[in-house]
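Chain by chain, the residues:
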Amino acid sequence: MRLRMVLLATALGAAPFATAMATTITGPYVDIGGGYDLTQTQHAHGFDRNQYENNMKTDGYLDASDNARLLKEAHSRERMEHGDGWTGFATFGWGFGNGLRAEIEGDYNWSALTGYRDSTGDGRHQNGKTSGSDRSYGGFVNVLYDIDLKRLFNIDVPVTPFVGVGAGYLWQNVDASTPVTGNLNVRQNGTNGSFAYQGIVGAAYDIPGVPGLQMTTEYRMIGQVESFAMGNISQTGGGDRTLSYDHRFNHQFIVGVRYAFNHAPPPPPPAPAVAPPAPTAARTYLVFFDWDGAALTDRARGIVAEAAQASTHVQTTRIEVNGYTDNTSAHPGPRGEKYNLGLSLRRADSVKAELIRDGVPASGIDIHGYGEAHPLVVTQPDTREPQNRRVEIILH
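Residues numbered from 1 in each chain as written. Predicted model: local features only at pLDDT ≥ 70, side-chain atom pairs only at ≥ 80, totals over all residues. Heavy atoms only, no water.

**Some words on empty space enclosed by the protein**
Piece 1. For the structure shown, the criterion picks out 2 cavities of 30 Å³ or more.
Piece 2. Looking at the largest cavity, its volume works out to about 50 Å³.
Piece 3. Around the largest cavity sit W291, D292, T325, D326, T328, S329, A330, N340, L343, R347 and R389, which together line it.
Piece 4. Residues that form the lining of the largest cavity fall into these classes: 3 nonpolar, 4 polar and 4 charged.
Piece 5. Considering the residues around the second largest cavity, the lining is formed by D31, R101, E103, L144, F162, I200, E218, R220 and R258.
Piece 6. Mapped onto the lining of the second largest cavity, the elements with two or more residues apiece are β4 (100-120) and β9 (213-224).
Piece 7. Of the residues in the lining of the second largest cavity, the class split is 3 nonpolar, no polar and 6 charged. (1 Å grid on protein atoms, 1.4 Å probe; cavity = no way out; pocket = protein on both sides within 12 Å on 5 of 7 lines; lining within 4 Å. Points joined across faces, edges and corners; volume = space filled by probe spheres on them. Nonpolar A, V, L, I, M, F, W, Y, C, P; charged D, E, K, R; others polar. Helix = DSSP H or I, 4+ residues; strand = E, 2+ residues; numbered from the N terminus.)

Okay, here's the thing in structure tokens:
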């Protein structure tokens, strides 16, 4: 139950960090962390050689079955109960840029010892409340993999989960005292070591504004697979007996800080949008005509020549030549409007011909005749207006 509660607390505690940016480590990094350590109840086997030898002397000659009975009576089953503890570690590692990391880690774990119980082969039981501590320390070599959720699953979340395994060596030190009865005190002390391994599951969160700096949360399970002697059990009023512990497990819930030295620089700000160049305004030249005439005056030829020269110096894709008349006509009546439409087109033709003489290709000139439409100056009907008798040369 306690293990499930700690797992839930760790999961809930990690939730507020889900707004960080995901990072893949390339190159060297360091990592330190610490947190809660829960060591499972440890079971051990004890053997009281003094009891065995004294029983042999008391019983005299022993056959095989008697010897087996005495050996069984001299053996005991021990149980050490652990309370709350803590853990700390420091690592130096290297990220390969593809999610894989390798690191060397130093570890220190401490937990309180709270209770002791043994059961001897002759049916006796001893138990009591223990005061003391259980420590382990050593190192691991770890291999880990950072999971890029964006690349692998197209999930764009600001978290980098990771998993890993490690192998190493841990020394365990026990120093504990358990008053069992008024005249019996069980004291344990000693140090020994064995091969150890661990599994790691966690997630990293970037700290905004500090490139390369991350906060980590993780769960670790550490195991020691070999039985190992743990010094002696000393009993006041009795002899010493050797104690050997079984498999050991630590469950750890850790918060850490990691710094990657070769962190990627922040992306440069986006370049400001460059407005497209404004289109070049069309240039317009006006050529004016006498009433009911389409011939060019000397002044008009000068303006056409100016327009032709400008078309060679300015990027020109098309030259538009539009002819107009005022609202009077040499043929008044219903024919007048039709007549003026033709007159405006003849004026445009005159300008086109002059442009060609000035070196403008004919294929680049469009002509239109609009007659009385689009006057430059609005007048009353039947009004001779010189500015409306015109041709507009427009350079596009």
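Continuing now.
**Observations concerning the nonpolar core**
The tendency in soluble globular proteins is for nonpolar side chains to be buried side by side.
Piece 1. Core analysis: the biggest nonpolar cluster contains 20 residues, and Y285, V287, I319, V321, V351, L355 and I393 have the highest contact counts within it.
Piece 2. Only β13 (283-288), α5 (298-313), β14 (319-323), α6 (334-357) and β16 (390-395) provide two or more residues apiece to this core.
Piece 3. Of the residues forming this core, the biggest block, 6 residues, is contributed by α5.
Piece 4. For V351, the contacting residues outside a window of four places in its chain are F289, L296, V304, V321, V391 and I393.
Piece 5. The next biggest cluster of nonpolar side chains, apart from the first, holds 7 residues, and it includes I25, Y29, L144 and F162. (Core = buried A, V, L, I, M, F, W, Y, C linked by side-chain atoms within 4.5 Å. Buried < 20%, exposed > 50% of the residue type's maximum accessible area, 1.4 Å probe, protein only. Contact = heavy atoms within 4.5 Å.)

**With respect to the confidence of the model for the protein chain**
Piece 1. Summary statistics for the protein chain give a mean pLDDT of 80 and a share of 75% for residues scoring 70 or more.
Piece 2. Note on residues 3-20: pLDDT under 50 across the span, and 19 contacts to partners over four residues away in sequence or across chains. (pLDDT = per-residue confidence, 0-100.)

**Examining the side chain of E105**
Piece 1. Relative to the helices and strands, E105 is located in strand β4.
Piece 2. Side chain to side chain, E105 and Q198 meet in a polar contact 3.3 Å long.
Piece 3. Those residues in contact with E105 that lie beyond four places of it in its chain are F89, A90, T91, G138, G139, F140, N142, Q198 and R220. (Polar contact = N/O pair within 3.5 Å; in protein donor to acceptor, adjacent residues only side chain to side chain.)

**Description of the pairing of β14**
Piece 1. The buried fraction of β14 is high, at 5 of 5 residues.
Piece 2. Side chains I319, V321 and G323 project from β14 onto one buried face, and the interleaved E320 and N322 project onto a second face that is buried too.
Piece 3. Here 5 bridges tie β14 to strand β15 (residues 365-369), and the two strands are oriented parallel to one another. Note on β15: the bridge partner recorded for E320 is D366.
Piece 4. With respect to chirality, the unit in which β14 leads through α6 into the neighbouring parallel β15 is right-handed.
Piece 5. Strand direction decides the pairing type here: β14 and β16, joined by 5 bridges, are antiparallel. By the bridge assignment, N322 is partnered in β16 with E392. (Pairing = 2+ DSSP bridges. Right-handed = clockwise from strand over helix to strand, strands pointing away.)

**What to know about the pattern of salt bridges**
Oppositely charged side chains can form a pair if their charged atoms are brought close together.
Piece 1. For the structure shown, the criterion picks out 13 salt bridges.
Piece 2. Notably, a salt bridge pairs D298 with R301, separated by 3.7 Å at the nearest N-O pair. Of the two residues, D298 and R301 are both situated in helix α5; the distance of 3 residues between them amounts to about one turn of the helix.
Piece 3. Its relative accessible area of 66% is what places D298 among the exposed residues.
Piece 4. For R301, a relative accessible area of 36% translates into the label partly exposed.
Piece 5. As a salt-bridge pair, R301 and E354 come within 4.0 Å of each other at their nearest N and O atoms. (Salt bridge = Lys/Arg side-chain N within 4 Å of Asp/Glu carboxyl O.)

**Some words on a nonpolar patch on the surface**
Piece 1. A cluster of nonpolar side chains, W94, F96, L100, V143 and V165, forms an exposed patch at the surface whose accessible area comes to about 490 Å².
Piece 2. With respect to the secondary-structure elements, F96 resides in strand β3 (residues 75-96). (Patch = residues over 30% accessible without salt bridge, like charges linked within 9 Å, V, L, I, M, F, W, Y side chains within 5 Å. Areas by Shrake-Rupley, 256 points an atom, 1.4 Å probe, with all protein chains shown as cover.)

**A short note on the packing of α5 against α6**
Piece 1. Two elements in contact, α5 and α6, have axes whose closest approach is 9 Å; the angle formed by their N-to-C orientations is 55°. As far as their axial angle goes, α6 and α5 are oblique. Relative to α6, α5 is oriented so that their crossing is right-handed. The segment α5 lies against α6, with R301, V304 and A308 engaging V351, E354 and L355.
Piece 2. The residue inventory of the contact of α5 with α6, partitioned by class, reads 4 nonpolar, no polar and 2 charged. (Axes fitted to C-alpha atoms, helices over the stretch in contact; angles between N-to-C directions. Parallel < 35°, antiparallel > 145°, perpendicular 65-115°, else oblique. Left-handed = near helix turned anticlockwise from the far one by under 90°.)

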